Amino acid sequence: MSAQHQPNSSIALQDGNNFYCSVEASFDPKLRGKPVCVASSGDGCVIARDALSKKLGVPMGAPIHQIPPEVRRQITFRSANFALYGDISGRIASILRGLFPAIEEYSIDENFIDLTGIPVRDHERLAAEARARILKWTGIPSCVGIGPTKTLAKLSNKRAKSTVEGVVTTMPDDPALLTYPVEDVWGVGRKLTARLGADGILTAGDLAAADVDTLRSRYGVVLARTQRELQGISCAELEEHEPQRKEIMVSRTFGKDITSQTELMQAIATFAQRACEKLRSRQLQAAGVWVFIQTNPFKHNLTQYNPSKSFRLLMPSADTREILMVAQGLAKAMFRPGYGYKKAGVSLLDLSHTDVQQGDLFAGIDQRSKAIMEVMDRTNQKFGRGSMGFASTAWRPRGKTLEKPAWSVKRDMLSPAYTTDWKQLIRVR
DNA sequence: TCTGGGGTCCTAGGACCC
DNA sequence: TCTGGGGTCCTAGGACCC
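Residues numbered from 1 in each chain as written. Chains lettered and ligands numbered in written order. Predicted model: local features only at pLDDT ≥ 70, side-chain atom pairs only at ≥ 80, totals over all residues. Heavy atoms only, no water.

As recorded in an unreviewed UniProt entry, chain A goes by the name Y-family DNA polymerase, listed as coming from Stenotrophomonas aracearum. For the record of chain A, the UniProt heading Sequence similarities (unreviewed entry) holds the text "Belongs to the DNA polymerase type-Y family." (UniProt positions renumbered as here; feature names shortened; annotations may be inferred.)

Structural data, given as structure tokens:
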């Protein structure tokens, strides 16, 4: 039976308020009461703002150098510390699992909760309890939105952000839909907002009431599903188990433009190595490798060159040596002198589980490969990432770094790994 | 000077086949 | 003068999400 036919299904969405900023503040009391922003990799853009920096007018995604100096001075910046955020995220999920039979970890700061089967009169009370427990046990404030579908739960959550209680329920006939901006509906982005506006669809209520066939033919099946969800008809089920990855990507914007082929090759090798580590940590192997290199799109006066190339392996592999050589080969074929490269990435495609190894008649499985990779992974696990690496990544023993490569990423405002590194555990006197 | 990273899904169009 | 019709597979690009 599909969710569409389940009567009285009900879903909640728990979402940490200003999550990254809240995590930083929960570990560093000095930050409390001050405007805090979290910066993207390379310390380039603002990817999270707390309430105070929102009030100061810092826009989401703003390049830090574009924030007026008098505003910038008031803000404490932190480099994104995903290891820390991921750890807190896992703790919040555990708390929710202790309260509800089924949850879906939707993103690092959001969890869907299945309320089906729980009496409706208890929904908001349980949501409030979850919220209180998360705050007490992790220090992270959050809101909970409730509705008959994921889209309405998302919408409720957004509404809850401006309430004191932090818990809101929205049913399809709620008058709030008539004033709720369509751009804030889950699945409606900038482009769709503009097109919908031209068609006179400005609110969630307008979208829910639009002609089904016109909407389907003008905007496609995705928005048609969103419409049904707003009408209370579920089109997206709760996914308790993470679906298998289809792609694993590692890419970076370089600290400086790269002009030399040697340096570009080192960067590509580093990304390939990291991608393979991620691959093996999930017991996966890849049958395809995709590499891209890009010039700086913000330098409008320069000729742009943004090639990409892919390669299909004869047999799926999780061997860094093999994938590294393929990735470097692709990059080498694309490299043209005379350009300043600003960003590059390596993506592993056609992923499958290593336990479904397809035998190849003509190639014996290299047993040594597995053993070598295991030794590398275990060493890096035990002594820290980067303890062992490949020469082509310009890897150097830890603590003996000669000079930082031009493409290394800036993270000057990083908070300590409070929860994931023994040496950096928080001290309480 | 300085502008994130990592994903998914859908669609259109071309190649190829019968 | 007059140009088939489906089907599949693949890829590139667009849109969205956090």
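K.L.:
How should I be thinking about the overall build of chain A in this particular structure?
P.N.:
The secondary structure content of chain A amounts to 13 helices and 12 strands. For a compact globule of 429 residues, the expected C-alpha radius of gyration is about 22 Å, and chain A comes in at 24 Å, within 12% of that figure. Relative to its full complement of 429 residues, chain A shows a buried share of 43%. The contacts of chain A with a sequence gap of at least 6 include a subset with a gap of at least 24, amounting to 66%. Surface summary for chain A: the accessible area is close to 23700 Å², and the carbon and sulfur share equals 54%. Across chain A, 58 positive and 44 negative side-chain charges occur, with their mean positions spaced 8 Å apart. (Helix = DSSP H or I, 4+ residues; strand = E, 2+ residues; numbered from the N terminus. Rg over C-alpha atoms; globule rule 2.2 N^0.38 Å. Buried < 20%, exposed > 50% of the residue type's maximum accessible area, 1.4 Å probe, protein only. Contact = heavy atoms within 4.5 Å. Areas by Shrake-Rupley, 256 points an atom, 1.4 Å probe, with all protein chains shown as cover. Lys, Arg positive; Asp, Glu negative; His and termini not counted. Charge placed at Lys NZ, Arg CZ, Asp CG, Glu CD.)

K.L.:
What should I look at first to understand the sheet that holds strand E2 (residues 36-39) in this one?
P.N.:
Through backbone hydrogen bonds, the strands of a sheet pair up, either in parallel or in antiparallel fashion. A sheet is described by the order of its strands in space; here three strands give the open sequence E3-E2-E4, paired in mixed fashion. Of all strands in the sheet, those bounded by a partner on one side alone are strand E3 (46-49) and strand E4 (76-79). Between one strand axis and the next, the sheet turns by 30° as a mean value, whatever way the strands run. The strands touched by helix H1 (residues 19-27) are E2, E3 and E4; relative to E2, the strand with the most contacts, the crossing angle is about 115°. (Pairing = 2+ DSSP bridges. Axes fitted to C-alpha atoms, helices over the stretch in contact; angles between N-to-C directions.)

K.L.:
Help me understand the protein's contact with DNA strand C, please; the structure alone is not making it clear to me.
P.N.:
Near DNA strand C there are 14 residues, and of these Ser107, Asp109, Lys154, Gly187 and Leu192 occur at the shortest range. Of all DNA strand C atoms lying within 4 Å of any protein atom, the proportion belonging to sugar or phosphate reaches 100%. At 3.4 Å from a sugar or linking oxygen of DNA strand C is found a side-chain nitrogen or oxygen belonging to Glu110. In this structure, a phosphate oxygen belonging to DNA strand C sits 2.8 Å away from a main-chain N or O atom of Leu192. Every element with two or more residues in the surface near DNA strand C is listed here: strand E5 (103-107) and helix H7 (190-198). Here the surface near DNA strand C gets three residues from one element, more than from any other, and that element is H7. (Near = heavy atom within 4 Å. Polar contact = N/O pair within 3.5 Å; in protein donor to acceptor, adjacent residues only side chain to side chain.)

K.L.:
Quick question: what am I supposed to make of the pattern of salt bridges here?
P.N.:
Side chains carrying opposite charge are able to pair once their charged atoms draw close together. For the structure shown, the criterion picks out 20 salt bridges. Of the charged contacts, one joins Arg125 and Glu129 as a salt bridge, the two residues approaching to 3.7 Å between their closest N and O atoms. With Arg125 and Glu129 both in helix H5 (residues 120-138) and four residues apart, this pair spans about one turn of that helix. We classify Glu129 as partly exposed; its relative accessible area is 33%. One network of salt bridges, in which partners are shared, links Glu24, Asp28, Lys30 and Arg78. (Salt bridge = Lys/Arg side-chain N within 4 Å of Asp/Glu carboxyl O.)

K.L.:
What should I look at first to understand unusual backbone geometry in this one?
P.N.:
For residues besides glycine, phi is generally negative; the peptide bonds are generally trans as well. Of note in the backbone geometry, Gln283 takes a positive phi value of approximately 55° without being a glycine. Examined against the element boundaries, Gln283 turns out to sit in the loop between helix H11 (261-281) and strand E10 (284-295). With a relative accessible area of 48%, Gln283 lands in the partly exposed category. Residue Asp350 is not a glycine yet carries a positive backbone phi of 50°.

K.L.:
Looking at this structure, how should I read the nonpolar core?
P.N.:
Nonpolar side chains in soluble globular proteins generally cluster together in the buried interior. Leu264, Ile268, Leu279, Val289, Val291, Val346 and Leu348 are the most contacted members of the largest nonpolar core, which has 34 residues in total. Secondary structure elements with two or more residues in this core: strand E9 (247-258), H11, E10, helix H12 (320-334) and strand E12 (341-353). Counting 33 residues, the second-largest nonpolar core is a separate cluster that includes Phe27, Val36, Val38 and Ile146. (Core = buried A, V, L, I, M, F, W, Y, C linked by side-chain atoms within 4.5 Å.)

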